[in-house]
Structures are given as C-alpha cells and as structure tokens.
2 protein chains.
Amino acid sequence: MSNTRPEPPYYAVIITSALTGDDQEAYDAMAVRMAELSVRQPGYLGRQSQTGADGRELTVIYYRDAESITAWKRQTEHIEAQRLGRRKWYADYYIEVARVERAYGFERAALE
Amino acid sequence: MSNTRPEPPYYAVIITSALTGDDQEAYDAMAVRMAELSVRQPGYLGRQSQTGADGRELTVIYYRDAESITAWKRQTEHIEAQRLGRRKWYADYYIEVARVERAYGFERAALE
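This one's a predicted model, so the numbers in the text were calculated from it and none came from an experiment.

S.K.: So what exactly am I meant to see when it comes to the nonpolar core here?
M.R.: Inside soluble globular proteins, nonpolar side chains tend to come together where they are buried. Core analysis: the biggest nonpolar cluster contains 21 residues, and Tyr-11, Val-13, Met-30, Met-34, Tyr-63 and Ile-69 of chain B have the highest contact counts within it. Elements represented by at least two residues in this core include exactly strand 1 (10–19), helix 1 (24–40), strand 3 (57–63), helix 2 (66–73), helix 3 (76–89) and strand 4 (90–107) of chain B. In contact with Met-34 of chain B, not counting residues within four places along its chain, are Trp-72, Glu-77, His-78 and Ala-81 of chain B. Membership of the second largest hydrophobic core comes to 20 residues, among which are Tyr-11, Tyr-44, Ala-81 and Leu-84 of chain A.

Below is the structure:
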C-alpha cells in the first residue's frame, strides 16, 4: 500500500479482531469474496494487515472519503457477511473510523 | 487497549515499519526505553501492535489529541531515538496521524 497512498486527507478504518476458529473454511471463503468485492468499491485505496502469534489481527483499510466507507458498510453482500461474522466467526472486533490528517515516511533505499 | 478506549474524537498514529536487522540488541533496548517514556507522555491512551511473519510491523498508538502527538515527537530522548532509527534500524517506515471520528465494537462474551 505504501506506494499508492494519496496525499491526506483520506480515511483509515482500523480493525482489531480475533476469530472464534469455528467454521474456519467458510470464513476463509467469505474473506476472499469480501476482499474481491472491497477492492472494487469506489473510493477504496488499499489495505494492510498483520496477524500476531496470538491470532489477533490488526488491519487498516484506506478510503478516499467517509462516504465510501458508509457505502461499503451498506453493501448488500457485505451486510450478510457482517451478520455471519457476529453469529459465528468473530470472538470480538473493534472498528475505528479515522480521518488521516498528515502522513510522512522514510525509505532507506532513498538514501543509498 | 480495547477496554481503555475513550469516546471519539481521539487520535491514532498508524505506523507501518520494517527493520534492517542491524544492531538488533541496541534497537530492542531503545524500544523498551521508548515504551517506558511514551506511556508517561500526557495524552497517551494506549497502543496495539502486530508483527507479521514477513517481519513487517503494524502499530497503532492512541492519543487524546493532536497536541500530545506533537509533544511526543519533540521529546528530547525520542528525537535521538528517531535519528538512530533512520541511521541504523529502520529499512522503512510510514506514519499516518489520524483523528478517530467514530468507533464501535462487538464482543461475543456479551451475547452469551
């Protein structure tokens, strides 16, 4: 995602989650389907995600604006995925919607 | 961090980073020192971090307001740590300062 980030302002959705481990195969299939759909969502900019040794996942998904996030939350197939997620797959999750106000970086290659 | 999050608005600093692996012992010692200092910083709310199998780290640090972030960035010992980080420890990093506008969560235990 680092090469595709636009200039701020843009939006970040920070998702902290842990799975129950129930029905993992169906979860994996749904996650693939949601990934396919989400990248086609207008305003989607990219995502990054890391899963720790404890199984907790930290994901940040980037969007052009708040309206794109609302539209994705209300997408019909995604609503069904969210419902199944709460019923079966997620032990817990926490979602924060944040407006990126500034950003800066460093790359070693640029110095050498 | 999930139990200590306040009501929005508050701030999140999203840090994506990869280490060079050089001088790892000194890096680890510095990371411990910075963690000690940072929790004492006024406005600090908490942090979460996950490191992937590829060694990339995704960290989110929470603050009460933008001023607290600026104050931490200018803290004398932290400035020296940043300088050493760019000289030796970081292959790359990207830092995004974002204002959390809304947040919501789900915990399975609450349903059972």
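S.K.: What should I look at first to understand the sheet that holds strand 2 (residues 44–51) of chain B in this one?
M.R.: Paired through backbone hydrogen bonds, the strands of a sheet run either parallel or antiparallel to each other. Sheet architecture is open: 8 strands sit in the order 2(A)-3(A)-1(A)-4(A)-4(B)-1(B)-3(B)-2(B), paired in antiparallel fashion. Each having just a single partner strand, strand 2 (44–51) of chain A together with strand 2 of chain B make up the two edges of the open sheet. Here the average twist between neighbouring strands, direction ignored, is 25°. As defined by bridge partners, strand 1 of chain B adjoins strand 3 of chain B across 7 bridges and the pair is classed as antiparallel. Note on strand 3 of chain B: the bridge partner recorded for Tyr-11 of chain B is Tyr-63 of chain B.

S.K.: Before we go on, may I ask you to explain the pairing of strand 2 of chain B in this structure?
M.R.: Consecutive side chains along a regular strand alternate between the two faces of the sheet. Residues and elements named next belong to chain B. Across 7 bridges, the pairing between strand 2 and strand 3 is antiparallel. By the bridge assignment, Gln-50 is partnered in strand 3 with Leu-58. Counting the residues in the hairpin turn of strand 2 and strand 3 gives 5 residues, including Gly-55, whose phi is positive at 85°.

S.K.: Would you mind going over the packing of aromatic side chains with me for this structure?
M.R.: Any pair of aromatic rings gets described here by the distance separating the centres and the angle formed by the planes. The full count for this structure, using the stated rule, is 12 aromatic pairs over all chains. When the ring of Tyr-27 of chain B is compared with that of Trp-89 of chain B, the centres are 5.6 Å apart and the planes differ by 70°; the resulting orientation is edge-to-face. Within this pair, whereas Tyr-27 of chain B is found in helix 1, its partner Trp-89 of chain B is found in helix 3, the two being separated by 62 residues in sequence. Per residue, the accessibility class of Tyr-27 of chain B equals that of Trp-89 of chain B, and both read buried. Judged by centre distance (5.5 Å) and plane angle (80°), the ring pair of Tyr-90 of chain B and Tyr-93 of chain B falls under edge-to-face. When sorted by exposure, Tyr-90 of chain B lands in the same class as Tyr-93 of chain B, which is buried. Connected via pairs of aromatic rings, a cluster forms that spans Tyr-27, Trp-89, Tyr-90 and Tyr-93 of chain A together with Phe-106 of chain B. Across from the ring centre of Tyr-104 of chain B, 4.3 Å away, lies the NZ or CZ of Lys-73 of chain A, which sits over that ring.

Cut-offs and rules
- Residues numbered from 1 in each chain as written.
- Chains lettered and ligands numbered in written order.
- Predicted model: local features only at pLDDT ≥ 70, side-chain atom pairs only at ≥ 80, totals over all residues.
- Heavy atoms only, no water.
- Core = buried A, V, L, I, M, F, W, Y, C linked by side-chain atoms within 4.5 Å.
- Buried < 20%, exposed > 50% of the residue type's maximum accessible area, 1.4 Å probe, protein only.
- Helix = DSSP H or I, 4+ residues; strand = E, 2+ residues; numbered from the N terminus.
- Contact = heavy atoms within 4.5 Å.
- Pairing = 2+ DSSP bridges.
- Axes fitted to C-alpha atoms, helices over the stretch in contact; angles between N-to-C directions.
- Phe/Tyr/Trp six-rings, centres within 6.5 Å; stacked < 30°, edge-to-face > 60°.
- Lys NZ or Arg CZ within 6 Å of the ring centre and 35° of its normal.

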